[in-house]
Amino acid sequence: MTQAPPEHVRRRRRAGPTAASRALLGTLGLVGVAALFETIPRVGLVSAHFMPPFTQMIAALVREASDGAFWRALLDTIEGWALGLLIAVVAGVVLGVLIGSLRRLRAFTASTIEFLRPIPSVALVPIAVLLWGAQLRSTLLLVVYASFWPILLQVIHGVADVDPVARDTAASYRFTRWAKIRYLLLPTGLPYIMTGLRLSAAVALILAITAELVIGTPGLGKEISVAEMSSAVPALYALIFVVGMFGVAVNVVFRALERKVLAWHTSVRLEAVT
């Protein structure tokens, strides 16, 4: 009779693939997509004029990377994204803590938030162009407006999720304001804040590129528009590839930050075990 495997082995089997195997599968997936992009125009499914082979995209990317204009555009995109995200996060956390802590204020602002939040940021493009034209402030208007709402709502929910028993206990022991923030708000609200930060980072990048494409503010989006108008198709795909890799890097960095900051949290500990 064969002996049953130990419990920790069975648990690992149920948990699914390890981090190393997930990374390997992800790499193989990227290789498969690259092979697909190389094969489609080679076999004539799509004209190479509209979709060049992947090797031509890489060659165009190398040419772009050797030009100082590419790096200036990349830095412009990073500046608009990072500055807009910073403004949105600071405003969202401050207002979220304030609104979430006061029940009457939360009820008073609920309808206003629900009215403003669904307005697409691209609807503000005419206002941004009218006020500032193709300047960084136009990009910031769109980025801040779009990325503000995820962090605000997450912070409001996080502050409101504090255990009433813990809140009453802190009041009984006459915790100072700083003690309440440290022992009540932060442990409960920090997972919400990190989730909102990760969501806002992705939204901020989308709107930064959108502003550069539509308004013409300096950045990778503008370079994509210029490549499209000049029929530089390989360069167009190469720049889109760079934007995609930028998005992947943003997600990886903020996921790593979330795991580090929330190392004590149950969800992160379970993820580390699996």
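Residues numbered from 1 in each chain as written. Predicted model: local features only at pLDDT ≥ 70, side-chain atom pairs only at ≥ 80, totals over all residues. Heavy atoms only, no water.

1. Description of the overall build of the protein chain
To keep it simple, the criterion reads: Under the scheme used here, helices are H or I runs from DSSP no shorter than 4 residues and strands are E runs no shorter than 2 residues, and both carry numbers assigned from the N terminus. The classification of residues rests on relative accessible area computed with a 1.4 Å probe and restricted to protein chains. Under 20% of the type maximum is buried, over 50% is exposed, and intermediate values are partly exposed. When checking whether two residues touch, look at their non-hydrogen atoms; a contact exists if any pair is within 4.5 Å. Per-residue and other accessible areas were derived by the Shrake-Rupley procedure at a 1.4 Å probe size, with only the shown protein chains allowed to occlude residues.
The helix and strand tally for the protein chain stands at 12 helices and 0 strands. For the protein chain, the N- to C-terminal ordering of α and β elements is α-α-α-α-α-α-α-α-α-α-α-α. Split into buried and exposed, the 274 residues of the protein chain put 33% on the buried side. Intrachain contacts of the protein chain at a sequence separation of at least 6 include 69% that bridge at least 24 residues. Accessible area of the protein chain: about 16600 Å², with a carbon and sulfur share of 69%.

2. Thoughts on a nonpolar patch on the surface
Threshold: Any residue with relative accessible area above 30% and no salt bridge may belong to a patch, with like charges joined within 9 Å and the nonpolar Val, Leu, Ile, Met, Phe, Trp and Tyr side chains within 5 Å. By convention in these notes, a salt bridge is any Lys or Arg side-chain nitrogen within 4 Å of a carboxyl oxygen on Asp or Glu.
A contiguous nonpolar patch, built from Ile58, Val62, Phe241, Met245, Val248 and Val252 and spanning about 500 Å² of accessible area, is present on the exposed surface. Where the nonpolar patch is concerned, the elements lending two or more residues are α3 (54-65) and α11 (233-261). The element that contributes the greatest number of residues to the nonpolar patch is α11, accounting for 4 residues. Along the chain, valine 252 falls in helix α11.

3. Observations concerning the side chain of serine 147
Selection rule: Whenever two N or O atoms come within 3.5 Å, that pair is a polar contact, provided that in protein one can donate a hydrogen and the other can accept it, and provided that, for residues adjacent in sequence, both atoms are side-chain atoms.
Positionally, serine 147 belongs in helix α7 (residues 136-160). Relative accessible area serves as the criterion here: at 0%, serine 147 is assigned to the buried category. A polar contact is formed between the side chain of serine 147 and the backbone oxygen of valine 143, at a distance of 2.6 Å. Setting aside residues no more than four positions away along its own chain, serine 147 makes contact with Gly84, Leu85, Ala88, Ser200, Val203 and Ala204.

4. Regarding the pattern of salt bridges
On inspection of all chains with the given rule, the structure shows 4 salt bridges. One salt bridge in this structure joins arginine 42 and glutamate 38, with 2.9 Å as the shortest N-O distance. Residue arginine 42 and its partner glutamate 38 are both found in helix α2 (residues 19-42); the two are separated by 4 residues, about one turn of the helix. The exposure class of glutamate 38 is buried, given its relative accessible area of 18%.

5. Quick word on the packing of aromatic side chains
Stated precisely, the cut-off is as follows: For Phe, Tyr and Trp, where Trp contributes only its six-membered ring, two rings pair if their centres lie within 6.5 Å, and the inter-plane angle classes them as stacked under 30 degrees, edge-to-face over 60, or tilted in between.
If you walk through the whole model with that rule in mind, you get 6 aromatic pairs. Considering the side-chain rings of phenylalanine 54 and phenylalanine 241, the 6.2 Å spacing of their centres and the 80 degrees angle between planes classify their relative orientation as edge-to-face. On the criterion of sequence distance, the pair formed by phenylalanine 54 in helix α3 and phenylalanine 241 in helix α11 is long-range, its members being 187 residues apart. In this structure phenylalanine 241 comes out as partly exposed when scored by relative accessible area, which is 35%.

6. Focus on the nonpolar core
Test applied: Among buried residues, those of type Ala, Val, Leu, Ile, Met, Phe, Trp, Tyr and Cys that are joined through side-chain atoms within 4.5 Å constitute a nonpolar core.
Ranked by size, the top nonpolar core spans 47 residues in total, and within it Trp81 and Leu220 carry the most contacts. Here the element with the most residues in this core is helix α9 (residues 177-214); it accounts for 10 residues. Counting residues in each nonpolar core, the second largest holds 8 residues, with Val162, Ala170, Leu184 and Ile193 among its members.

7. What about the side chain of glutamate 212?
Where we set the bar: By the counting scheme adopted, Arg and Lys are positive, Glu and Asp are negative, and His together with the chain ends is not counted.
Within the secondary structure, glutamate 212 sits in helix α9. Put simply, glutamate 212 is tucked away with no salt bridge, and the nearest opposite charge, on lysine 222, sits 10 Å away. One polar contact links the side chain of glutamate 212 to the main-chain amide nitrogen of leucine 220, over a distance of 3.1 Å. Apart from residues lying up to four places away in sequence, glutamate 212 is in contact with Asp76, Thr77, Thr217, Pro218, Gly219, Leu220, Gly221 and Lys222.

This is a description of form; function is not addressed.
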